[in-house]
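Chain residues, written in single-letter form:
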Amino acid sequence: MKVNLLFRNGTYRNSDNFPWNSKDLEKDLDLNEIFSAMAGKDAYVFEVCRKVVLSSITDHETIMYRQGVMRDAIDNQMFVRELYSTLVNAIAEARKQHFWISRSNPEIVLHESISILKIYTAALEKIREMGKIALPSLRSEGFRQLFTMIIDEFSEEYIGTVSDYLESLRFPRGIYVRGEIGRGNSLTGYTLVVPDVRPDRFMERITHLREPRYTYVLPDRDESGAQALAEMRMRSIGETSRIVGESAEHVLGFIEDLREEIAFYLGCLNLWNKLELIGAKASFPVPEHDYKKGTRYEDLYDVALTLRIDQAAVGNSLNAESDGIIFITGANKGGKSTLLRAIGQAQLMMQCGMFVGAETFSTSIASSIFTHFKREEDSGIAMGKFDEELSRMSAIIDHMYSGSRLLLNESFSSTNAREGSEIAKQIINALLARGIKTIFVTHFNELAEAYAGNVPRPTFLRAERLEDGTRTFRVIQADPIPTSFGDDIFQKIFGERVKIRPVVES
Amino acid sequence: MVFNSILWTKGQTGHLAEKDPDFFVDLNIDQIIDGITAAYGDYNLRPLFDTIPESIETVRYRQEIFRDLQNGETLAALKEYSMRMKSVNTRLSGSERLYQYQKQGWHLDAALMYFDAIQDLAKKLSDTQIDSQGLILLRNYVQAYVSSKSFMEAQEEANRVKGDLSAIRYEMSIGSSRVTVRKDRGRQNYNEMVRGVFSKFREKKESAGRMQHSNDPSMNHVEIAVLALIARLFPEEFKALITFYDNHSSFIDPVLARIYYELQFYLSYIEYISPVRNAGLKFCIPEIRNERDIYCIQSFDLALAHKFSSSGFQVVTNNFRLSRDESIIVVTGPNNGGKTTFARSFGQAYYLAALGLPIPGMEARLFLVDKIYTHFEKSEDPENLRGKLEDDLLRMRIILNSATERSIIVINEMLSSTTSNDAIQIGKRIIDLIRKKNSICIYVTFLDEFARIPGVVSMVSQVDLSASEIRTLKIVRSEPNGLAYAKAVVEKYGLTYEKILRRIKE
């Protein structure tokens, strides 16, 4: 009994196993804005989407599998929403009545499990009927498999048998066990046997006339004795209670898994609708499992920014056959970081099976995704800025392996350009040698230039600035030019020009 | 010769120490012994670890046994024996307070376990290769014991009684105030039926909170009363039980009981060092001689290594060697803790070897030490510097008065509160005095001058910035070098081209 809407054969467990750098990813790529749009007001959907988006998958097949389910969800919005609310209601009802307080008392566990199973089997029946209606219009393997399974496994007949058992497990006629003599002559075994259905005293007297039996009767007011008897009963039904309890937990597990996986697709639906409303085009990306494939996109935009300003942001396009190292240079405040974020978001969204914020998007699947952004504030650690940057970089190296993608934003700028460039060069070269793709937003123009015409075939992007100094916020494919535009901004803010020392002494 | 000990060649003759020797704290041997005995609190093993045996024969007697215990089968056999004897004792110690039938039940189970344990031990000892005198004597003793007529008869009777009891099956119906027992009527197992119906819900194998009751041999008073009723249903079986109890009240052989105790000396130590071994560190049985040509390869501080073994840290190992005419090692170098650790591991090696234990290191040759002296910087506030120097020297004089050429003196940062010039002058004199005594001395200091005294062996701790978190460092024979290395920060974070290549997994 698996949901399998996120993985074809996988057990999608409720593990909170976020990538170690998820905090950095969320912050650097402005993901909370996106998660909020996905969640609407549902905190649960927020957490699920956060988890699924951050736990990138790396196999092409699974990405395409989810894209299929996602397309079905977009085409059957009402069905998905109704399914979700049925699940939420069933769970809420069960929670209202039972708290699973006493796992140690089998009688209570048994009792609660019976009630809970009744609620869930009713919910499953409802879902089964919904599925019967929706099935003809579902195309994805994921949805079809799931509902075929539910229709087969939870037939009316089976649910009927279960209900009968749930009644008789309340043991209206008492508990019967078979016992043995164990260690230290203790009474063990306690195997539950079929209980007497009704006491037929006359028959019993005849058939077992000669069979000796002895009865121990509890003295009046022997409270500890009553307790002892209760213990013996508990022991007798321990195994039964465990079976039924596990069944209830398992069904709950299934219902919760289903709710969780549906919650992700629901979140995607919410985002899809919001972008549509704003007028920003979203599309399904083309993931490549060949690492050598470059990066191509048309009208790629920063989804978070679009959501925040509630209007379509400037889109960028690129066709880079070689993307081992991409330098993004050019004017300050010219849209470099925005583009870097847009690429990062698209990569992450692609690798959880979502659509992306672009007309088209295609790149190779990264084995994992890292960000190293310049940190404005001090993290409160007794460490110099430079130390902090390097130790963060070092931590990333610890978690890297071939096929990763690293997004650097003004990294190593806490030292002077020459030192920073030298460090960056060592790192970039080593990463290239290990098959790790890097995108580097930097004002180290000299460093970028040094790579021009170089073996790794770097791609250069530059934040565009027109002759008159205005920024288009477009980032175009162009070789780096050795000037920064900090004086523009300085002038804008302070209203006077300032002689800016060249960053790289020549 | 009467066999009665696996710790002492002629049986224990002298008195055991009543408290830890003075140097235990300085060398962290107290921590080692705490660790060894932590899980063996019932045995009062500490006196064994506090007492250096006087004769070299006893040391070798133990070393031989440890060598035999390197054979996994032999070790497993003795561990098994020990574990079972522990259970036997636990069962017996609790049984006296119990009620009729339960008491005799425990006694019978203890006896069965004891017979089994001894028989198994006899068999396993004859199946494995044994070379040590101690274990050969033990084997012979056990073999004679198990083939005795009284042993065999008692065992046979116990098995028969137990078999009859185990074959008993009864049916019990439990109500709210009464329990009825009768002979079993063979009813169908109800759990199986429930399990069948609910199997669909129970694919998950991870069972939450399995009931522990079924194996718990304790009984409440209702069960004890019910047991008496069962005894009425099956009178023959229970009569045989009472007879066995009356005829075999004390069945444990006193020599084997003593061996069981002494065995803990070996087992506790082997258990203590096993995580350290698993972390990749080596232990050896040192060659014990009377000459002064000593060495140890890959020595380390056992207390520290044990602490780190759980966290996956591996401590640095060091070699030491003193040829016949060398007696004093001066350890200098930067203040990272590596020096003191080295000095401790030196002292530990000697002490552990003197107990006949395997010591940290790959290979070693030592002599049998008569006494170990330590002179460690006392941490109390040196309010009165003059008084402190006086105290330091007084302690040193006491040591020098009684040290012999078979003694070890470990000095750690003596005279550190004195002005360097004074410290150097005084220190040189002390080293001279030690040399005259011809004791072995290891002297840790930050004063390079001591290391330059002709005739002393200078060892220096090497600084490696990249490994600065690991507190033990390589200590090698070399000229003193007062420089603390300041390596490049990048080097420290492992971000050079070469280091990154090495760090990133393919």
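Residues numbered from 1 in each chain as written. Chains lettered and ligands numbered in written order. Predicted model: local features only at pLDDT ≥ 70, side-chain atom pairs only at ≥ 80, totals over all residues.

## Brief notes about the overall build of chain A
The criterion, for reference: Working definition: helices are DSSP H or I runs of at least four residues, strands are E runs of at least two. Numbering for both runs from the N terminus. Working definition of burial: number of other C-beta atoms within 10 Å of the residue's own, with buried at 20 or more, exposed at 12 or fewer, and partly exposed in between, all C-beta atoms being placed from the backbone. What counts as a contact is two residues whose backbone-derived C-beta atoms lie within 7 Å of each other.
On a plain count of helices and strands, chain A comes out with 16 helices and 13 strands. For chain A, the residues scored as buried account for 42% of the 506 residues in total. Considering only contacts within chain A whose residues lie at least 6 apart along the sequence, 73% involve residues at least 24 apart.

## Section: the overall build of chain B
Across its full length, chain B holds 18 helices and 14 strands. Taken over 506 residues, chain B has a buried fraction of 37%. In chain B, of all internal contacts separated by at least 6 residues, the share reaching a separation of at least 24 is 76%.

## Brief notes about the interface of chain B and chain A
A common way to express how large an interface is: the accessible area buried when the components associate. Threshold: Three categories are distinguished: nonpolar for Ala, Val, Leu, Ile, Met, Phe, Trp, Tyr, Cys and Pro, charged for Asp, Glu, Lys and Arg, and polar for the others, with Gly belonging to the last.
Opposite the 70 residues of chain B that make contact, chain A presents 72 residues. Contributing elements (two or more residues each) for the side of chain B that touches chain A: helix 5 (102–127), helix 7 (149–166), strand 1 (170–174), strand 2 (178–183), helix 8 (190–198), helix 9 (221–233), helix 17 (489–492) and helix 18 (497–503) of chain B. Per element, the largest residue contribution to the side of chain B that touches chain A is nine residues, and it comes from helix 9 of chain B. A class-by-class count of the residues in the side of chain B that touches chain A yields 32 nonpolar, 19 polar and 19 charged.

## Examining unusual backbone geometry
Of note, aspartate 30 of chain A is a non-glycine position whose phi angle comes to about 60 degrees, a positive value. With respect to the helices and strands, the residue aspartate 30 of chain A is situated in the loop between helix 1 (22–28) and helix 2 (31–39). The backbone phi angle of asparagine 28 of chain B is positive, close to 60 degrees, even though this residue is not glycine. Here asparagine 28 of chain B is to be found in the segment before helix 1 (29–37). Taking the C-beta count within 10 Å as the criterion, asparagine 28 of chain B has 22 such neighbours and is therefore assigned buried.

## A look at the sheet that holds strand 1 of chain B
Cut-off, in case you're wondering: Strand pairing is defined by DSSP finding a minimum of two bridges between the two strands. Simply put, an axis is a line fit to the C-alpha atoms, just over the touching stretch for a helix, and the angle between two N-to-C directions goes from 0 to 180 degrees.
Here we have five strands laid out as an open sheet, ordered 2(A)-1(A)-1(B)-2(B)-3(A), and antiparallel in their pairing. Each edge of the sheet is formed by a strand with only one pairing partner; in this case those strands are strand 2 (187–192) and strand 3 (213–217) of chain A. Within this sheet the neighbouring strands show an average axis-to-axis angle of 25 degrees, counted without direction. Pairing between strand 1 of chain B and strand 2 of chain B: five bridges, direction antiparallel. Looking at the pairing, glutamate 171 of chain B lines up with arginine 182 of chain B of strand 2 of chain B. Helix 10 (residues 223–278) of chain A rests against strand 1 (175–181) and strand 2 of chain A together with strand 1 of chain B of the sheet, and its axis sits at about 55 degrees to strand 2 of chain A.

## Comments concerning the environment of glutamate 262 of chain B
Residues and elements named next belong to chain B. Checked against the element boundaries, glutamate 262 lands in helix 11 (residues 254–278). On a C-alpha basis, the gap between glutamate 262 and tryptophan 8 in space is 9.8 Å, while along the polypeptide they are 254 residues apart. Residues contacting glutamate 262, with those up to four places away along its chain left out, are Ser5, Ile6 and Leu7.

## Some details on the sheet that holds strand 12 (residues 459–465) of chain A
Residue and element names in this part refer to chain A. The sheet built from six strands is open, its strands ordered 9-10-11-7-12-13 with mixed pairing. One side of each edge strand has no neighbouring strand; the edge strands of this open sheet are strand 9 (369–373) and strand 13 (471–477). For this sheet the average axis-to-axis angle between neighbouring strands, irrespective of direction, equals 15 degrees.

## Side note on the confidence of the model for chain B
Residues and elements named next belong to chain B. Going by this rule: Every residue carries a pLDDT, the predictor's confidence in it, which falls somewhere between 0 and 100.
Mean pLDDT for chain B: 85, with 88% of residues reaching 70 or above. Here residues 204–215 scores under 50 on pLDDT; set against residues more than four positions off or in separate chains, the count is 17 contacts. Of the regions scoring below 50 in pLDDT, residues 483–487 engages in six contacts with residues more than four places distant in sequence or in other chains. Quick note on the complex model: pTM equals 0.57, ipTM equals 0.75.

## Observations regarding the packing of helix 5 of chain B against helix 6 (residues 133–146) of chain B
Think of two packed helices as two axes; the pair is described by the angle between the axes and how far apart they sit. Residue and element names in this part refer to chain B. Heads up, the condition is: For classification, angles of less than 35 degrees are called roughly parallel, those exceeding 145 degrees roughly antiparallel, those between 65 and 115 degrees roughly perpendicular, and all remaining angles oblique. Crossing handedness is read from the near helix: turned anticlockwise from the far helix by less than a right angle, it gives a left-handed crossing, and turned clockwise, a right-handed one.
Viewed as axis vectors pointing N to C, helix 5 and helix 6 meet at an angle of 130 degrees, and their least axial separation amounts to 9 Å. In terms of orientation, helix 5 lies oblique with respect to helix 6. The interaxial crossing formed by helix 5 with helix 6 has left-handed handedness. Contacts between helix 5 and helix 6 involve Ile118, Gln119, Leu121, Ala122, Leu125 and Ser126 from the former and Arg139, Val142, Gln143, Tyr145 and Val146 from the latter. Split by residue class, the contact of helix 5 with helix 6 holds seven nonpolar, three polar and one charged.

## Some details on the nonpolar core
When a protein is soluble and globular, its nonpolar side chains tend to lie buried together. The line we're drawing: Put simply, a nonpolar core is buried Ala, Val, Leu, Ile, Met, Phe, Trp, Tyr and Cys residues tied into one set by C-beta atoms within 7 Å.
If you look at the biggest cluster of nonpolar residues, it comprises 256 residues, and the most contacted ones within it are Tyr120, Tyr265 and Ile328 of chain A together with Val331 and Tyr443 of chain B. For this core, the leading source of residues is helix 10 of chain A, giving 21 residues. The contact partners of tyrosine 120 of chain A, leaving out residues within four places of it in the chain, are Ala90, Ala94, Val251, Leu252 and Ile255 of chain A.

## Some thoughts on the environment of glutamate 141 of chain A
Residue and element names in this part refer to chain A. Here glutamate 141 is to be found in helix 7 (residues 141–153). On the basis of neighbour counts, which here come to 15 C-beta atoms within 10 Å, the residue glutamate 141 falls in the partly exposed class. Separated by 76 residues in sequence, glutamate 141 and tyrosine 65 place their C-alpha atoms 7.5 Å apart. Setting aside residues no more than four positions away along its own chain, glutamate 141 makes contact with Tyr65 and Gly68.

## Some words on helix 4 (residues 72–95) of chain B
Residues and elements named next belong to chain B. Our working definition: Working rule for helices: expected span equals 1.5 Å times residues minus one.
In this model helix 4 runs 35 Å from its N-terminal to its C-terminal C-alpha over 24 residues, within 8% of the 34 Å that 1.5 Å per residue would give. Listed as buried for helix 4 are Thr74, Ala77, Leu78, Tyr81, Ser82, Met85, Val88 and Arg91. Of the surrounding elements, those touching the buried residues of helix 4 are helix 3 (56–69), helix 5 and helix 11.

## Focus on helix 9 of chain B
The test is simple: By definition, the arc is the one covered by directions from the helix axis to the C-beta atoms.
With 13 residues, helix 9 of chain B should cover 18 Å at 1.5 Å per step; its first-to-last C-alpha distance of 19 Å lies within 8% of that length. All of the buried residues along helix 9 of chain B are Val222, Glu223, Val226, Leu227 and Ile230 of chain B. Taken end-on, helix 9 of chain B shows its buried residues confined to a sector of 140 degrees, consistent with a single buried face. Here the buried face of helix 9 of chain B lies against strand 2, strand 3 and helix 10 of chain A together with helix 5, strand 1 and strand 2 of chain B.

## Brief notes about the pairing of strand 5 (residues 295–300) of chain A
Residue and element names in this part refer to chain A. As paired strands, strand 5 and strand 6 (residues 316–320) are joined by four bridges and run antiparallel to one another. Following the sheet pairing, threonine 295 is matched in strand 6 by alanine 320. By the bridge criterion, three bridges tie strand 5 to strand 8 (residues 360–364) in an arrangement that is antiparallel. Bridged to tyrosine 297 within strand 8 is phenylalanine 361.

## Quick look at the environment of proline 47 of chain B
All names here are of chain B. Looking at the secondary structure, you find proline 47 in helix 2 (residues 46–50). Along the chain, proline 47 and glutamate 18 lie 29 residues apart, while their C-alpha atoms are 6.3 Å from each other. Leaving out residues up to four positions away in the same chain, proline 47 has contacts with Leu16 and Ala17.

## Observations regarding the packing of helix 3 of chain B against helix 6 of chain B
Residue and element names in this part refer to chain B. Two numbers describe how helix 3 lies on helix 6: the axes approach to 7 Å, and their chain directions differ by 75 degrees. Considering their axes alone, helix 3 and helix 6 lie roughly perpendicular with respect to each other. On the side of helix 3, the interface is formed by Tyr61, Glu64, Ile65 and Asp68, while helix 6 contributes Gln133, Gly134 and Leu135. Grouping the constituent residues of the contact of helix 3 with helix 6 by class yields three nonpolar, two polar and two charged.

## Notes on the confidence of the model for chain A
All names here are of chain A. Chain-level pLDDT for chain A is 85 on average; 86% of the residues reach the 70-or-more range. Summarising per-element confidence for chain A, the mean pLDDT is lowest in helix 16 (residues 486–494) (42) and highest in strand 8 (97). Every residue in residues 377–383 scores below 50 in pLDDT, and together they form three contacts with partners more than four places removed in sequence or on other chains. Contacts of residues 483–506 to residues separated by more than four positions or lying in other chains number 22 contacts, the stretch itself having pLDDT below 50.

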